[in-house]
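As a plain string of letters, each chain reads:
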Amino acid sequence: HPNMERYERERSEMSETVEQARALMEVGSKSYRSGRFAEAAAQYREALEVADLERPKNEITLAMCHNHVGLCRGSQGMYEQALPHYFEAIEILGSRSGEESIKLRASVHNNIAIVHYHTQDIDACEKHMEQALELDQAPAADEQVGVVVLGRDDDVRACVEVAPLAGGGVLD
């Protein structure tokens, strides 16, 4: 049946695209773990391009790619370049309800909070950390929340970083 053949072909092509994008993400993750952040960012951007070819079918992978490019930029201290990727990941994920989407959204909000911590925008840091905690109330034992708001004293807020940027996906 022609429709069944087309369906099988599209399904096969989709999985090849996802596999290719995730393979590129894995290569990027190895570079990232080795501290080669610029190289990793280039590999993640390549994965982004592949995932974007089939955007409606690869939205989770595409969001992961944006998160990882943001991680690389943040790790290089390029916070203003990290934020657009994080916000794009949040937009792609929308209000999806699957566990993978929720955990990734929480991870991205955590990373946004850390960027705001480093840029000393404590209000935004607190806002995104609250969103991360609201999304993922029970992080795994080996996943620590990236930033904790310790207290307030006459509008002075203290934040402390307790974990590195969160990967959400391949980096984990």
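Remember, predicted model here, so these are calculated numbers, not experimental data.

## Remarks on the side chain of Arg73
Next, step 1: Assignment of secondary structure puts Arg73 in helix H3 (residues 59-75).
Next, step 2: Buried charge Arg73 goes without a salt bridge, the closest partner of opposite sign being Glu49 at 11 Å.
Next, step 3: Leave out the neighbours within four places in its chain, and Arg73 touches Ala41, Arg45, Met78, Tyr79, Gln81 and Ala82.

## Observations regarding H3
Next, step 1: End to end, H3 covers 24 Å across 17 residues, agreeing with the expected 24 Å (1.5 Å per residue, within 8%).
Next, step 2: Among the 17 residues of H3, 15 are classified as buried, and the element is accordingly described as predominantly covered.
Next, step 3: Two residues or fewer past H3, Gly77 is found with a positive phi of approximately 80°.

## Quick look at the confidence of the model for the chain
Next, step 1: Considering every residue of the chain, the mean pLDDT works out to 78; 70% of them sit at 70 or more.
Next, step 2: Here strand S2 (residues 156-161) stands out as the element of the chain with the lowest mean pLDDT, 38, in contrast to helix H4 (residues 79-93), whose mean of 96 is the highest.
Next, step 3: Contacts for the low-pLDDT stretch residues 139-166, under 50 throughout, to residues beyond four places or in other chains number 61 contacts.

## Topic: the packing of H3 against H4
Next, step 1: For the pair H3 and H4, the least separation of the axes is 8 Å and the interaxial angle reads 165°. What the angle tells us is that H3 and H4 run roughly antiparallel. The handedness of the crossing between H3 and H4 is left-handed. When H3 is examined against H4, the residues Glu59, Ile60, Leu62, Ala63, His66, Asn67, Val69, Gly70, Leu71, Arg73 and Gly74 are found in contact with a partner set consisting of Tyr79, Gln81, Ala82, His85, Tyr86, Glu88, Ala89, Ile92 and Leu93.
Next, step 2: Across the contact of H3 with H4, the residue classes tally to 11 nonpolar, six polar and three charged.

About the thresholds
- Residues numbered from 1 in each chain as written.
- Predicted model: local features only at pLDDT ≥ 70, side-chain atom pairs only at ≥ 80, totals over all residues.
- Heavy atoms only, no water.
- Helix = DSSP H or I, 4+ residues; strand = E, 2+ residues; numbered from the N terminus.
- Buried < 20%, exposed > 50% of the residue type's maximum accessible area, 1.4 Å probe, protein only.
- Lys, Arg positive; Asp, Glu negative; His and termini not counted.
- Salt bridge = Lys/Arg side-chain N within 4 Å of Asp/Glu carboxyl O.
- Contact = heavy atoms within 4.5 Å.
- Expected span 1.5 Å × (residues − 1).
- pLDDT = per-residue confidence, 0-100.
- Axes fitted to C-alpha atoms, helices over the stretch in contact; angles between N-to-C directions.
- Parallel < 35°, antiparallel > 145°, perpendicular 65-115°, else oblique.
- Left-handed = near helix turned anticlockwise from the far one by under 90°.
- Nonpolar A, V, L, I, M, F, W, Y, C, P; charged D, E, K, R; others polar.

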